[in-house]
Structure formats: C-alpha cells, structure tokens
Amino acid sequence: MPRPDDFAMAGALGGRRVLITRSADRARPLASLLRSLGAEPVVLPLIDFERATDQAALDAALDDLAAGAFDWLVISSITTVRMLIEKAAGRGTTPAALVPAGTRVATIGPSSRQALEAVGIPVALAPEDNQSAEGLVALWSGARESVLLPQADIAAPGLRDGLAAAGADVTSVVAYHTVDFPARAELRLTAELPADVGRSTHAAAPELSPPQVRSELDDGTIDAVVAASPSAARRIAAALMPLNGCRFIAIGRPTADQAIALGIPVAATAKVPTPDGIVAALETVFANEGNTR
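Quick caveat, the model's predicted, so the values are computed rather than measured.

Caption draft 1: Looking closely at the packing of aromatic side chains. Applying the stated criterion across every chain yields a total of 2 aromatic pairs. Considering the side-chain rings of Phe49 and Tyr176, the 5.5 Å spacing of their centres and the 85° angle between planes classify their relative orientation as edge-to-face. Here Phe49, found in strand S3 (residues 47-51), pairs with Tyr176, found in strand S7 (residues 169-180); they are 127 residues apart in sequence, far enough to count as distant. Measuring from ring centre to ring centre gives 4.9 Å for Trp72 and Trp140, while their planes differ by 55°; the resulting arrangement is tilted. Taken together, the residues span a long stretch of sequence, with Trp72 in strand S4 (residues 72-75) and Trp140 in the loop between helix H6 (133-139) and strand S6 (146-152) at a distance of 68 residues. Among the residues examined, Trp140 registers a relative accessible area of 9% and is labelled buried.

Laid out in structure tokens, this is it:
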C-alpha cells in the first residue's frame, strides 16, 4: 500500500482505495490503469448474467437475423456479444456468420465496438461523443428500416423507444438476464470474449466479500466506488448503504440518474464508459477536494 508521503507525488489518485463493482476479470482494465496512477483497486462483484429464459424466442430472432430479415443489428453491451459468441458456438459457426453482409451493426460504446470487431463483426454506426443509448438515437438515420435489438431483461426502454420514435421497425428480444452475483452455475453465461478485448497483463485486483466492504466503508478506508450500470446502483443501494464518506462514481447518465433516484449522492459521472473516462471522473473529484487524507 502506498505510504502517506507518496500521495502528492502520485497525483490526485495516489493512495486512494477504489472499489469496482464488477468481477475481477471484467474490472482488470480499469484496475490496471488505477494502479499505474498510484491508486489501490479492489473489487466486489454485484451482478452476474444468466442465459435468457426464453431461448426459443432468442433462437428465432437469430434465425431471422442470419436469414437477412433485418437491416440493422443494434448491440448495447459486451454481454450481448458474449451471448452471440455462445450461440454461434452452439450452432457450430462464428458470431460473424450470424450477421449477413447486408445487415449493418450499430452499438453505443467503445467496449462493445471493440468486442464486436474482435469477433469479426464490423460496426457501421456508433456515437463518438455521447456514448449512450441517447447518443445512438441522435445519430439514427435508418428511419423505416428493420432493427433487431437483443438486450438484457432489465434494459431501460430508451433505446428501443427512441429508435421506434425515429421510425425504425424494432424487434426487441431478451438476450440474457441480469442477476445478483453469483449467477446459478447451470445458467451462467460463460462465453469468453477474445483474449485481446479489454484485457491487461496485470494481476487481477483483490476481491472483497460484502462483510469486508461493509467494514471498510464503516472505517472510511474506501475512497470511491464505481458503478457501471443502473443495476449496479440498485445493488449498492440494497447492500452497501450507507456509503459514509465514500464517493459514488457513475458510469453514464442512466447510472447516475438511478443512483440519485435511490438517494445515493453522485460525486461524478464518467463522460465516456472507458477506463480513461472513469479515471478522469475520479481525478476531478479528488483534485477538487485536495489530495489529503
């Protein structure tokens, strides 16, 4: 752990203990960047993912996709990419083979874009600045075209409704279920992304148990908690409140809005859903407070 006299030399994040509410493997890129800036990342997985209950509906939608029934495939998360990988493997093919050449693909964030391109699926449309559902809807020009939108069971309706309001013919299907960690072993979505997607050669951050996190929050030894989704905000509200002096950092406006609705003070919102964007939000918070303990 960094010594107190190292904090000023390390910058705004020097010596700060940051809780990432993802599994250790998914937290690795952010944890690696935090370490390089003198912070101490730890993880507490709060959510996990299970296969969709209605596999027949999902399979039918993917059959239609492969047959060329859709002008667009819209992917809003890397977990949906993992679903495509798993489904393709079950069919003895590749994710790219599920998407015919005439179907264009849109996504909302850099992580999803990287994952799609890593499995051979080119991305035709993605917002550059507002990397969110709202950002994609603002760019949408495929007015009357047909869209397949596979999403989490708890996905907010904004993307679906926004595309429909722009004139798109949207077919929405549940791609996976978001559940409290850990998922049931027999239903857990286990497909792995390609090795070069969002990975780091650094060791994974230490994983804490909920009682350990509660103890550290009470002791004031966790400086910030990062929530990547509205569902993570809900789990934090249910399992970790009060945060005491721990700063809540939201990834994206929907996560921040959910936290505010739950009574969680939001210290900062990352403007882009990347490790650099999250670190920028953290640095702003601690620089404004002064780098003191």
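Caption draft 2: Structural view of the nonpolar core. Among the nonpolar cores identified, the biggest contains 53 residues, and Leu19, Val81, Val213, Ile236, Leu240, Leu243 and Phe248 are the most heavily contacted of them. Among the elements that line this core, the one with the most residues is helix H4 (residues 78-90), at 5 residues. Setting aside its immediate chain neighbours within four residues, Phe248 contacts Val225, Ala227, Ala233, Ile236, Leu243, Thr255, Ala259, Ile264, Pro265, Val266, Ala267 and Ala268. Formed by 24 residues, the second largest nonpolar core is a distinct cluster that contains Val18, Ala39, Ala205 and Ile251.

Caption draft 3: Up close: unusual backbone geometry. Look at the link from Phe181 to Pro182: it is a cis peptide, with omega at 0°. Its location among the elements puts Pro182 in the loop between S7 and helix H8 (210-219). Residue Pro242 is reached from Met241 by a cis peptide bond, and omega for that bond is 0°. Within the element layout of this structure, Pro242 appears in the loop between helix H9 (230-239) and strand S9 (247-251). Notably, Asn244 is not glycine yet its phi reads approximately 55°, a positive angle. Its place among the elements puts Asn244 in the loop between H9 and S9.

Analysis parameters
Residues numbered from 1 in each chain as written. Predicted model: local features only at pLDDT ≥ 70, side-chain atom pairs only at ≥ 80, totals over all residues. Heavy atoms only, no water. Phe/Tyr/Trp six-rings, centres within 6.5 Å; stacked < 30°, edge-to-face > 60°. Helix = DSSP H or I, 4+ residues; strand = E, 2+ residues; numbered from the N terminus. Buried < 20%, exposed > 50% of the residue type's maximum accessible area, 1.4 Å probe, protein only. Core = buried A, V, L, I, M, F, W, Y, C linked by side-chain atoms within 4.5 Å. Contact = heavy atoms within 4.5 Å.

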